[in-house]
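Understanding the architecture of this molecule
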Amino acid sequence: MYIYFSALILLTVWVRMAQLQQGGPDEKEKTTALKDLLSRIDLDELMKKDEPPLEFPDTLEGFEYGFNEKGQLRHVKTGEPFVFNYREDLHRWNQKRYEALGEIITKYVYGLLEKECHLKKVTLPVDATESEPKSFIFMSEDALTNTDKLLVLIHGSGVVRAGQWARRLIINEDLDSGTQIPYIKRATEEGYGVIVLNPNENYIEVEKTKAQVQLSSDSSDEPAEKRERKDKIQKETKKRRDFYEKYRNPQKEKETVQMYIRDNGSPEEHAIYVWDHFISQSAAENVFFVAHSYGGLAFVELMIQREAEVKNKVTAVALTDSVHNVWHQEAGKTIREWMRENCCNWVSSSEPLDTSVESMLPDCPRVSAGTERHELTSWKSFPSIFKFFSEAIEAKNSSGKPAPTRRSNRIKYEEF
């Protein structure tokens, strides 16, 4: 209702402008003033004043939601699935509510990794000081000592964190399809050690203080005259913004600054760091990767940077709808050959599970994940991936060296 009222005010101004444009010089001057006023008003900001406060619970119980015995998120009173449009015509507020719930889900999954999967949280960097930004990964107790098998899990980009494939699936479907927990539990049952990467935890956000703003301004290499002119413009802009602020009265969100985590400032850096400090130090004879979406790109970058080590230690790699590109990432011929022999990419497709899918890229074979939904590819290909790993070990043991699996599905490529 309030949003409609705000829009009505703007409509009234526009109508008045049209009327003034038909008058004389004085009216045209007023029209110019009105145009200037409208140009300074951000409609999105104007709408904010009509929103309820952006204050949300910090627990599932506070949201009145919980996971049932099937791992589905349900309202504790009605038993209904999560409702995104909790308040009609307030999309921004609904989105903020969804994001707040998502942060709770992330912490909930962290808890499951420790309690149900019996993984331990390990801080990164390994030599982090008390005051510097930190990240973490999860590992099984035998991740570095298991002499047989080690499974490494890498999720995609976005809001997901360690232990998740897709937040959307966790909230709207269930924990099995949206988290890595089924992989971890099966791997543990089959004697694998496990390492769960956290490639999107690249920085922490802290509130931007006046001191930080002043520091960034004073540390500029710009000439004093240019800096003074810029400061004057910024002050004038702020003065105008503050003037209109009292009419808009939007909900202000805190201004933050990002402090990046040392040697883990990107998914690619993170993968290399965990390789150097953990995976390469493990005792496992057979290391396996499952990498979803951008996680596949991070793995290819790892291979480019640590080619000899990866070839020596990794037995097989399962990609799920990976977004890697061997041309753009400039992967060499020897890497592409290794990927053809030791990798398989389960891609979104309408074809039945494991059906060969043609590719334009000269790297690993592509087969259908049995779903057209990108976020579901890891879950739908779950049984096939463990079969793929078993076949890789059998082939390696029978030949004495790594050998390709799924030969009948392998696509032949021409080297250029």
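Preceding block: the structure.
Residues numbered from 1 in each chain as written. Predicted model: local features only at pLDDT ≥ 70, side-chain atom pairs only at ≥ 80, totals over all residues. Heavy atoms only, no water.

1. Overview of the nonpolar core
We count it as follows: Side-chain atoms within 4.5 Å link the members of a nonpolar core, which is a set of buried Ala, Val, Leu, Ile, Met, Phe, Trp, Tyr and Cys residues. When a residue's accessible area, from a 1.4 Å probe over protein chains only, is under 20% of the maximum for its type it is buried; when over 50% it is exposed; and in between it is partly exposed. Strands here mean DSSP runs of E at least two residues long; helices mean DSSP runs of H or I at least four residues long; both are numbered from the N terminus. Two residues form a contact once any of their heavy atoms are found within 4.5 Å.
Counting residues in each nonpolar core, the largest one holds 48 residues, and the members touching the most others are Leu151, Val290 and Phe389. Broken down by element, this core gets its largest block of residues, 9 residues, from helix α5 (residues 91-115). When sequence neighbours within four positions are dropped, the list of residues in contact with Phe389 reads Leu151, Tyr192, Phe288, Phe289, Val290, Ala316, Val317 and Ala318. Listed in part, the 37 residues of the second largest apolar core include Leu197, Phe278, Ala298 and Phe299.

2. Some thoughts on the side chain of Thr320
Let me state the cut-off plainly: In protein, a polar contact means a hydrogen-donor-capable atom and an acceptor-capable atom, both N or O and within 3.5 Å, with residues adjacent in sequence counting only if both atoms are side-chain atoms; elsewhere, any N or O pair within 3.5 Å suffices.
When you line up the elements, Thr320 lands in strand β10 (residues 314-320). Here His292 takes part through its side chain, which lies 2.9 Å from a polar atom of the side chain of Thr320.

3. Thoughts on the packing of helix α12 (residues 294-305) against helix α14 (residues 333-342)
Defined as follows: What counts as an axis is a line fitted to C-alpha atoms, over the stretch in contact for a helix, and the angles between N-to-C directions run from 0 to 180 degrees. Under this scheme an angle from 65 to 115 degrees is roughly perpendicular, one under 35 degrees roughly parallel, and one over 145 degrees roughly antiparallel; angles in between are oblique. Note on convention: near helix rotated counterclockwise from far helix by under a right angle means a left-handed crossing. Clockwise means right-handed. The residue classification treats Ala, Val, Leu, Ile, Met, Phe, Trp, Tyr, Cys and Pro as nonpolar and Asp, Glu, Lys and Arg as charged. All others, Gly included, are polar.
Put simply, α12 and α14 touch, their axes get as near as 10 Å, and they point 130 degrees apart. Relative to α14, α12 is oriented oblique. Handedness of the α12/α14 crossing: right-handed. Within the contact between the two elements, α12 uses Phe299, Val300, Met303 and Ile304 and α14 uses Ile335, Trp338 and Met339. Class assignment for the residues of the contact of α12 with α14 results in 7 nonpolar, no polar and no charged.

4. A short note on the sheet that holds strand β5 (residues 149-154)
Let me state the cut-off plainly: A pair of strands is considered paired only if DSSP assigns at least 2 bridges between the two.
Here 9 strands make up an open sheet; going across it, the order is β3-β4-β6-β5-β9-β10-β11-β13-β12 and the pairing mixed. Bordering the open sheet on either side are β3 (120-124) and β12 (356-357), each of which pairs with just one other strand. Two elements, β12 and strand β13 (residues 366-368), share 2 bridges in a ladder whose sense is antiparallel. Of the residues in β13, the one forming a bridge with Ser356 is Val367. Lying over the sheet, helix α8 (residues 181-189) contacts β5, β6 (192-196) and β9 (286-292), oriented at roughly 155 degrees with respect to β6.

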